[in-house]
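# Breakdown of the fold
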Amino acid sequence: MNDRPLHLAVALDGAGWHPAAWRSPDARPDALFTPGYWADLVAEAERGLLDLVTFEDALGPQSAAPHRPDDRTDQVRGSLDAVLLASHLALLTTHIGLVPTVNVTHTEPFHVAVGIATLDHVSEGRAGWRPQIASRAADAAHFGRRTTPQLTDDDVRDPERIAARLRPLFAEATDVVEVARRLWDSWEDDAEIRDTATGRFLDRDKLHHIDFEGAYFSVKGPSITPRPPQGKPVVASLAHASTPYEFAARGSDIVFVTPFDRAGAKAILAQVDEAADRVGRDLRDRPLRRFADVVVFLDDASGAAARRKEHLDALDGAEYTSDALVFTGTPGELADLLLDWRAAGLDGFRLRPGAVPHDLSAITRRLVPELRRRGAFRSAYGTGTLRARLGLPTPRNRYARQV
């Protein structure tokens with residue numbers, strides 16, 4: 001048995017990743033936009049001792065096509081702001097990491113940095129974020145400040161074509177991540193004195209202008225928010241092709257990849273390593289955790305999960321497919337797959353429940369005990385931040401004088 005800790009995350013999105021999941025018997029479509037709904041889901045994920053949860057977000061209503069809006073009314077449309085939702089859930093949880101998706105194409109990097117720093121303070125060191133570019137040109141119309149490339153139907157069939165069309169947006173996103181990290185460093189850890197006797201609240205010499213000048217924006221700094229408890233909250237990215245692999249290699253702590261089998265996982269991880277070499281990242285000094293995404297439909301009885309998915313497909317009028325592997329089977333069969341793929345060099349998995357609460361509960365109450373029985377997963381949370389749980393080093397403050 002591999003003695004490295006297996007990391008498990010769950011990706012939450014509405015009623016589940018299947019577009020007809022909201023019509024499942026145990027779904028709660030009337031509660032999708034209530035805080036209690038999300039509190040229940042994250043409490044279940046924490047009950048299963050998962051490392052982290054991610055929250056999807058977008059700048060426009062969901063659509064069946066990834067590159068353009070649609071007029072369908074038979075699928076879930078609408079969502080809550082992921083960062084604000086995560087900040088609310090931070091008060092209701094104790095251990096689990098909270099990783100909202102943040103659009104960085106139409107959001108100012110200063111606002112991004114302050115929002116994620118605040119989440120890290122509220123959660124006491126459990127924050128992360130997933131920078132996401134705005135790949136739909138229609139989203140730009142909500143802001144009216146710029147245009148972005150309109151992807152075609154041919155583009156979306158090929159991840160490399162998508163990446164090539166959107167390469168400038170990935171370059172901009174790289175700068176957003178860099179600015180955020182500099183702003184988090186703009187306050188030294190001991191910048192706050194808070195001495196009521198002398199009237200000194202702040203050591204002004206320990207606040208720093210970042211003076212960032214890039215191709216897309218300039219940011220002077222410092223931040224308005226003290227340095228986060230983790231120093232630098234965890235950055236995660238989803239990657240399908242060479243350009244996003246490079247984006248992850250430049251600035252991410254976790255990369256979510258989408259293989260369809262063990263051989264594919266090994267090939268993708270080789271591409272991630274090559275991307276790290278190209279950008280000059282030493283993975284020994286700055287580890288990059290690699291998680292594989294899997295959409296899961298789980299039931300104890302053989303064949304039940306496949307039949308449940310087929311029923312949802314019929315309700316939606318089309319077979320559900322995904323950018324990631326769609327797994328239907330038993331928790332034991334999924335445990336077999338995860339441990340087999342892990343041998344390719346993966347650090348963990350981000351599971352996308354096909355329908356919630358059913359598949360989320362199957363992960364926490366069936367899969368996790370099975371992995372624990374095989375000695376592959378924890379039996380309790382440890383102490384420390386999300387970075388510490390992931391085995392990521394404590395980041396140095398670039399502006400603090402080294403002694």
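What you see is a predicted model; the values in this text were computed from it and never measured. (Residues numbered from 1 in each chain as written. Predicted model: local features only at pLDDT ≥ 70, side-chain atom pairs only at ≥ 80, totals over all residues. Heavy atoms only, no water.)

### Considering helix H3 (residues 109-123)
- For H3, built from 15 residues, the straight-helix expectation of 21 Å at 1.5 Å per residue is met to within 8% by its first-to-last C-alpha distance of 21 Å.
- All of the buried residues in H3 are Pro109, Val112, Ala113, Val114, Ile116, Ala117, Leu119, Asp120 and Ser123.
- Where H3 is buried, its residues meet helix H2 (82-90), strand E3 (97-103), strand E4 (128-132), helix H5 (167-185) and strand E8 (218-219).
- Phi for glutamate 124, located one or two positions after H3, is positive at around 60 degrees. (Helix = DSSP H or I, 4+ residues; strand = E, 2+ residues; numbered from the N terminus. Expected span 1.5 Å × (residues − 1). Buried < 20%, exposed > 50% of the residue type's maximum accessible area, 1.4 Å probe, protein only. Contact = heavy atoms within 4.5 Å.)

### Structural notes on unusual backbone geometry
- In this chain, glycine 221 is followed by proline 222 through a cis amide linkage whose omega measures 0 degrees.
- Inspection of the secondary structure assignment puts proline 222 in the loop between E8 and strand E9 (234-238).
- A cis amide bond links valine 356 with the next residue in sequence, proline 357, at an omega value of 10 degrees.
- With respect to the element layout, proline 357 can be found in the loop between strand E13 (348-353) and helix H10 (358-373).
- If you check the backbone angles, arginine 194 has positive phi at about 55 degrees while not being a glycine.
- With respect to the secondary-structure elements, arginine 194 resides in strand E5 (residues 192-195).
- Positioned with a positive phi, aspartate 211 is a non-glycine residue whose angle comes to about 50 degrees.
- With respect to the helices, strands and loops of the structure, aspartate 211 is situated in the loop between strand E6 (200-202) and strand E7 (212-213).

### With respect to the UniProt feature "domain: Luciferase-like" (unreviewed entry) in the protein chain
- Taken from the UniProt record, the annotation "domain: Luciferase-like" (unreviewed entry) applies to residues 27-308.
- Note that residues 27-308 is 34% helix and 16% strand, and that its end C-alpha atoms are spaced 13 Å apart. (UniProt positions renumbered as here; feature names shortened; annotations may be inferred.)

### Describing the pairing of strand E10 (residues 254-257)
- Along E10, one buried face is formed by Ile254 and Phe256 and the opposite face, lined by Val255 and Val257, is buried too.
- Alignment of E9 against E10, held across 3 bridges, turns out to be parallel. Paired with serine 237 across the two strands is valine 255, which belongs to E10.
- Direction of pairing for E10 relative to strand E11 (residues 289-298): parallel, over a ladder of 4 bridges. By the bridge assignment, isoleucine 254 is partnered in E11 with arginine 289. (Pairing = 2+ DSSP bridges.)

### Section: the pattern of salt bridges
- In total, this model carries 43 salt bridges according to the counting rule given.
- Between arginine 68 and aspartate 153 there is a salt bridge, with the nearest N and O atoms lying 3.5 Å from each other. Remark: aspartate 153 occurs in the loop between E4 and helix H4 (159-165) and arginine 68 occurs in the loop between strand E2 (52-55) and H2; sequence separation between them is 85 residues.
- On the basis of relative accessibility, which here comes to 38%, the residue arginine 68 falls in the partly exposed class.
- With a relative accessible area of 36%, aspartate 153 lands in the partly exposed category.
- The shortest N-O distance in the salt bridge between arginine 352 and aspartate 323 comes to 2.8 Å. Of this pair, arginine 352 sits in strand E13 while aspartate 323 sits in the loop between helix H8 (304-316) and strand E12 (325-329), and the two are 29 residues apart along the sequence.
- Take arginine 352: its relative accessible area is 2%, and that puts it in the buried class.
- Classification of aspartate 323 by relative accessible area gives partly exposed; the value is 31%. (Salt bridge = Lys/Arg side-chain N within 4 Å of Asp/Glu carboxyl O.)

### As for the packing of aromatic side chains
- By the definition in use, this model includes 6 aromatic pairs.
- Considering the side-chain rings of tyrosine 37 and tryptophan 38, the 5.4 Å spacing of their centres and the 80 degrees angle between planes classify their relative orientation as edge-to-face. Of the two residues examined, tyrosine 37 and tryptophan 38, each falls in the buried class.
- Feature note: the residues Tyr37, Trp38 and Phe55 constitute an aromatic cluster, connected by ring pairs.
- The aromatic ring of phenylalanine 256 is capped on one face by arginine 350, whose charged end is 4.1 Å from the ring centroid.
- Here the basic side chain of arginine 352 rests over the ring of tryptophan 17, its NZ or CZ set 4.7 Å away from the ring centre. (Phe/Tyr/Trp six-rings, centres within 6.5 Å; stacked < 30°, edge-to-face > 60°. Lys NZ or Arg CZ within 6 Å of the ring centre and 35° of its normal.)

### Things to note about the nonpolar core
- Ranked by internal contacts, the top residues of the largest apolar core, which has 67 residues, are Leu8, Phe55, Leu334, Leu338, Phe349, Leu351 and Leu371.
- Residues in contact with leucine 351, not counting those within four places in the same chain, are Leu8, Ala9, Val10, Ala11, Val294, Val296, Leu334, Leu338, Ile363 and Leu367.
- Among the nonpolar cores identified, the runner-up in size contains 26 residues, and Ile116, Trp129, Ala180 and Phe247 belong to it. (Core = buried A, V, L, I, M, F, W, Y, C linked by side-chain atoms within 4.5 Å.)

### A closer look at the environment of alanine 127
- Mapped onto the elements of the fold, alanine 127 is located in the loop between H3 and E4.
- Sequence separation between alanine 127 and alanine 86 is 41 residues, and the spatial gap between their C-alpha atoms is 8.6 Å.
- In this structure, alanine 127 is in contact with Leu98, Ile116, Leu119, Asp120, Gln230, Pro233, Val234 and Leu386, ignoring residues within four places of it in sequence.

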